[in-house]
Amino acid sequence: MSSASNKIALFIDGANLYATAKTLGFDIDYKRLLKEFQSRGTLVRAFYYAAIIEDPEFSSIRPLIDWLNYNGFTVVTKPAKEFDDGEGRRRFKRNMSIELAVDAMELAAHVDEIVLFSGDGDFRSLVEAVQRRGVRVTVISTVSSHPPMVADELRRQADVFTDLVELQPKLGRAPRRAPDAPHFV
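Residues numbered from 1 in each chain as written. Predicted model: local features only at pLDDT ≥ 70, side-chain atom pairs only at ≥ 80, totals over all residues. Heavy atoms only, no water.

### Things to note about the sheet that holds strand β4 (residues 74-79)
Spatially, the six strands line up as an open sheet ordered β4-β3-β1-β7-β8-β9, and their pairing is parallel. Of all the strands in the sheet, just β4 and β9 (160-163) have a single pairing partner and so form its edges. Averaged over all pairs of adjacent strands, the angle between strand axes in this sheet comes to 15°, irrespective of strand direction. Sheet topology note: the strand β3 (residues 42-52)/β4 ladder contains six bridges and is parallel. Of the residues in β4, the one forming a bridge with Y48 is V75. Contacting β7 (113-117), β8 (136-141) and β9, helix α7 (residues 164-171) crosses the sheet at an angle of about 65° to β9. (Pairing = 2+ DSSP bridges. Helix = DSSP H or I, 4+ residues; strand = E, 2+ residues; numbered from the N terminus. Axes fitted to C-alpha atoms, helices over the stretch in contact; angles between N-to-C directions. Contact = heavy atoms within 4.5 Å.)

Following this line, the structure appears as structure tokens:
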């Protein structure tokens with residue numbers, strides 16, 4: 001199969017990818033990420049999933065979501081659910097697993113390969129289900145951190161596991177410095 005006829009769909013668990021890249025000490029350059037996977041075949045769709053904390057002042061993820069929306073990504077968001085953890089602390093549930101799984105199952109009949117940017121072990125059964133439909137699955141996360149950011153059962157279920165560290169030269173950029181952080185020359 002030539003790479004041009006390889007139909008690919010990307011499924012990016014936004015919170016998981018952010019945490020993985022941060023643990024490895026770099027940021028993801030989403031423009032470069034798109035180019036990388038467009039070079040590997042026909043990119044049918046690039047999904048990005050994020051639960052957003054509703055903040056009337058400002059959401060720190062909003063600029064990224066807007067950029068992704070205008071630059072070739074299908075962005076799927078929902079409000080994070082706020083709850084009390086029983087000890088009086090405010091917590092947020094930010095899980096987008098069901099939305100990602102439903103979209104992957106619907107698209108499986110139209111692609112040859114699914115690339116899943118997540119290390120969440122809950123996706124093992126999804127990977128197995130799309131594989132039964134003849135779709136190859138690449139999981140991208142890391143075993144280079146301590147502890148690893150990918151669940152062992154997900155890594156083993158994937159047809160291909162790629163450590164995000166290997167993709168850093170193609171997808172990464174240095175983390176942005178906070179505006180008030182000291183600058184050293």
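### Details of empty space enclosed by the protein
Tallied over the full model, the rule gives two cavities of 30 Å³ or more. Quantified by volume, the largest cavity comes out at close to 50 Å³. Looking at the largest cavity, the residues that line it are F11, L100, A104, I114, L116, L126, V127, V130 and V137. At the level of elements, α4 (97-107), β7 and α5 (124-132) are the ones that each hand at least two residues to the lining of the largest cavity. The element contributing the most residues to the lining of the largest cavity is α5, with three residues. Residue classes in the lining of the largest cavity are distributed as nine nonpolar, no polar and no charged. (1 Å grid on protein atoms, 1.4 Å probe; cavity = no way out; pocket = protein on both sides within 12 Å on 5 of 7 lines; lining within 4 Å. Points joined across faces, edges and corners; volume = space filled by probe spheres on them. Nonpolar A, V, L, I, M, F, W, Y, C, P; charged D, E, K, R; others polar.)

### Some words on the packing of α4 against α5
In the contact formed by α4 and α5, the axes pass within 10 Å of each other and the chain directions differ by 5°. Taken together, the axes of α4 and α5 lie roughly parallel to each other. Between α4, through L100, A101, A104 and M105, and α5, the contact on the second element is made entirely by L126, A129 and V130. Of the residues contributing to the contact of α4 with α5, the split by class is seven nonpolar, no polar and no charged. (Parallel < 35°, antiparallel > 145°, perpendicular 65-115°, else oblique.)

### Focus on the side chain of N16
Checked against the element boundaries, N16 lands in helix α1 (residues 14-24). With residues up to four places along the chain from it excluded, the contact list for N16 reads S118, G119, D120 and S141.

### Considering the packing of aromatic side chains
Counted according to the given criterion, the structure contains five aromatic pairs. Ring centres 6.0 Å apart and planes at 85° place the aromatic pair Y30 and F73 in the edge-to-face group. With a gap of 43 residues between them, Y30 in helix α2 (residues 30-38) and F73 in the loop between α3 (62-70) and β4 connect regions that are remote in the sequence. One aromatic cluster is present, formed by F11, F47 and Y49 through successive ring pairs. (Phe/Tyr/Trp six-rings, centres within 6.5 Å; stacked < 30°, edge-to-face > 60°.)

From the geometry alone we can't say anything about function, so treat these as descriptive.
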